[in-house]
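Working through the structure, step by step
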Amino acid sequence: MKKVTAIVGSGRKGHTYHAVVQFLDNLKAMGDVDTEIVRLSEYDIGICRGCLVCMDKGEEFCPFKDDRDLLIEKIMASDGIVLATPNYSFQVSGLMKVFLDRLGFAFHRPRFFGKTYTSIVCQGIYGGGKLVDYLGFVGGGLQFNVVKGSCLMTRAPITEKQQHQIDRALAVHARRYYARLQGPAYPTPPWVNLFFFRMGRTMMRLETDDSYRDYRYYEERGWFESDYYYPTEMGVVKKGAGKLFDAVFATVARKS
Ligand SMILES: Cc1cc2nc3c(=O)[nH]c(=O)nc-3n(C[C@H](O)[C@H](O)[C@H](O)COP(=O)(O)O)c2cc1C
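Residues numbered from 1 in each chain as written. Predicted model: local features only at pLDDT ≥ 70, side-chain atom pairs only at ≥ 80, totals over all residues. Heavy atoms only, no water.

So, the site of the ligand
Worth spelling out the cut-off: Here a residue counts as near a molecule or strand whenever at least one of its heavy atoms sits within 4 Å of it. Two N or O atoms form a polar contact when they lie within 3.5 Å of each other; inside protein one atom must be a possible hydrogen donor and the other a possible acceptor, and for residues adjacent in sequence the pair counts only when both atoms belong to side chains. Note that accessible areas follow from Shrake-Rupley with a 1.4 Å probe, and for residues the cover is restricted to the protein chains shown. Labels follow the DSSP assignment, with helices taken as runs of H or I lasting at least four residues and strands as runs of E lasting at least two, numbered in each case from the N terminus. Asp, Glu, Lys and Arg are counted as charged, while Ala, Val, Leu, Ile, Met, Phe, Trp, Tyr, Cys and Pro are counted as nonpolar; the rest, among them Gly, fall into the polar class.
In the vicinity of the ligand there are 16 residues, among which Arg-12, Thr-16, Asn-87, Ile-125 and Thr-154 approach most closely. Contact between the ligand and Phe-90: an oxygen atom at 2.9 Å from a main-chain N or O atom of the residue. A distance of 3.1 Å separates a nitrogen atom of the ligand from a polar atom in the backbone of Gly-124. Expressed as a share of its isolated accessible area of 640 Å², the protein-covered part of the ligand is 72%. Where the shell around the ligand is concerned, the elements lending two or more residues are helix H1 (15-30) and strand S4 (116-123). Tallied by class, the residues present in the shell around the ligand amount to six nonpolar, nine polar and one charged.

The structure is reproduced here in structure tokens:
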């Protein structure tokens, strides 16, 4: 049984919510999937004040005592995550952005490995494709296993033809997502992830020390010695390239 949690950034039970219901129903029809819908509008999430305490000292020192950790617990308890948002002024909704800002520290101290992630964007006319790309980038930065999302045209009144297109897009998307959900949770990292992991940790090792929260986070997890964030099958070529990346970044860091 896989647990999939959809986090919805619309303030109403409108098109985005209904698209999520349909997407999750598609998943459930394919196999053993338990689902939950989390409507951000029903949770208390403060707007980040930019104090940087979460980055520097630790997320537990955030001045807000709100539902952020409850939402993070929901993510941690899931095998799959769907972020769904309407396109508002060519961006994700304010609700969704406020939530993402509150996860900012997790780009520095990632923790969402092994979870399959995707996005659904609903829009009236234009701009949602870029939001799907944006949310894909965010998911990658948070170290989810990212499945490309979908952008749906949901401006009312929806014609029969448009509804057919929406149904089809959600069915195809759900199949793609389900296949990934059944795949290995801890896959061999793509080159770009390996590159950034080795670069980030080499810079951190040479330029910071255990007075930094991020350094301690890496140290506690053995990330200064490991091949990657998590144990995974890596061929000789990737292992060798990883070592080469370490050496190159160390030289660059020392020179700069
Ligand atoms: C404040 C606001 C801004 C919007 N901006 C855009 C936009 O930039 N591009 C677009 O295609 N649709 C835009 N829309 C339309 C919504 O994306 C569209 O109606 C969507 O289906 C709403 O989702 P919902 O039913 O879940 O609220 C906007 C709607 C609102 C309310």
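Structure's up, so let's keep going.
Notes on the pairing of strand S3 (residues 80-86)
The criterion, for reference: Only protein chains enter the accessibility calculation, which uses a 1.4 Å probe; a residue is then buried when its area is under 20% of its type maximum, exposed when over 50%, and partly exposed in between. One requirement defines pairing of two strands: DSSP has to find at least two bridges between them.
With respect to burial, S3 is a largely interior element, seven of its seven residues being buried. With burial as the criterion, each face of S3 is covered, one bearing Gly-80, Val-82, Ala-84 and Pro-86 and the other bearing Ile-81, Leu-83 and Thr-85. Pairing of strand S1 (residues 2-8) with S3, which is carried by five bridges, proceeds in the parallel orientation. Among the inter-strand pairings, Ile-7 is bridged to a residue of S3, identified as Leu-83. When S3 meets S4, the two strands line up parallel, connected through seven bridges. Paired with Val-82 across the bridge in S4 is Thr-118.

Observations concerning the domain arrangement of the protein
As a reminder, the rule being used: Residue ranges labeled as domains rest on an automatic or database domain assignment. Should any heavy atoms of two residues lie within 4.5 Å, those residues are considered in contact. Two parts placed together each lose some accessible area under a 1.4 Å probe, and adding up what both lose gives the buried area. Any carboxyl oxygen of Asp or Glu within 4 Å of a side-chain nitrogen of Lys or Arg constitutes a salt bridge here.
Here the protein is partitioned into domain 1 (2-182) and domain 2 (191-255). With centres defined by C-alpha atoms, the gap from domain 1 to domain 2 works out at 29 Å. Opposite the twelve residues of domain 1 that make contact, domain 2 presents nine residues. In this assembly, domain 1 packs against domain 2 so that about 850 Å² is buried in total across both faces, 47% of it on carbon and sulfur atoms. Measuring nitrogen to oxygen at the nearest pair gives 2.8 Å for the salt bridge that ties Asp-214 to Arg-109. For the interface between domain 1 and domain 2, the tally reads six residue pairs in polar contact (both at pLDDT 80 or more). Broken down by class, the residue content of the side of domain 1 that touches domain 2 amounts to three nonpolar, three polar and six charged.

With respect to the nonpolar core
What counts is decided by this rule: Remark: nonpolar core denotes a set of buried residues (Ala, Val, Leu, Ile, Met, Phe, Trp, Tyr, Cys) joined through side-chain atoms within 4.5 Å.
Among the nonpolar cores identified, the biggest contains 27 residues, and Leu-83 and Phe-99 are the most heavily contacted of them. Sequence-distant contacts of Leu-83, that is, excluding residues within four places in its chain, are made with Ile-7, Met-96, Phe-99, Leu-100, Tyr-117, Thr-118, Ser-119, Ile-120 and Leu-135. Counting 21 residues, the second largest nonpolar core, distinct from the first, contains Val-4, Ala-19, Phe-23 and Ile-166.

Details of unusual backbone geometry
Ala-156 connects to Pro-157 through a cis peptide bond whose omega is 0 degrees. When you line up the elements, Pro-157 lands in the loop between strand S6 (150-153) and helix H7 (160-182). For Phe-90, which is not a glycine, the phi torsion comes out positive at approximately 65 degrees. Tracing the backbone shows Phe-90 in the loop between S3 and helix H4 (94-102).

Quick look at the packing of helix H8 (residues 191-207) against helix H9 (residues 213-220)
Threshold: Axis definition: a line fit to C-alpha positions, over the contact stretch in the case of helices; interaxial angles, taken between N-to-C directions, run 0 to 180 degrees. Crossing chirality is assigned from the near helix's rotation relative to the far helix, an anticlockwise turn below a right angle marking it left-handed and a clockwise turn marking it right-handed.
With their axes 10 Å apart at the nearest point, H8 and H9 run at an angle of 120 degrees to one another. Where H8 crosses over H9, the two elements pack in a sense that is left-handed. In this structure, H8 contributes Phe-197, Arg-201, Met-204 and Arg-205 to the contact, and H9 contributes Asp-214, Tyr-215 and Tyr-218.

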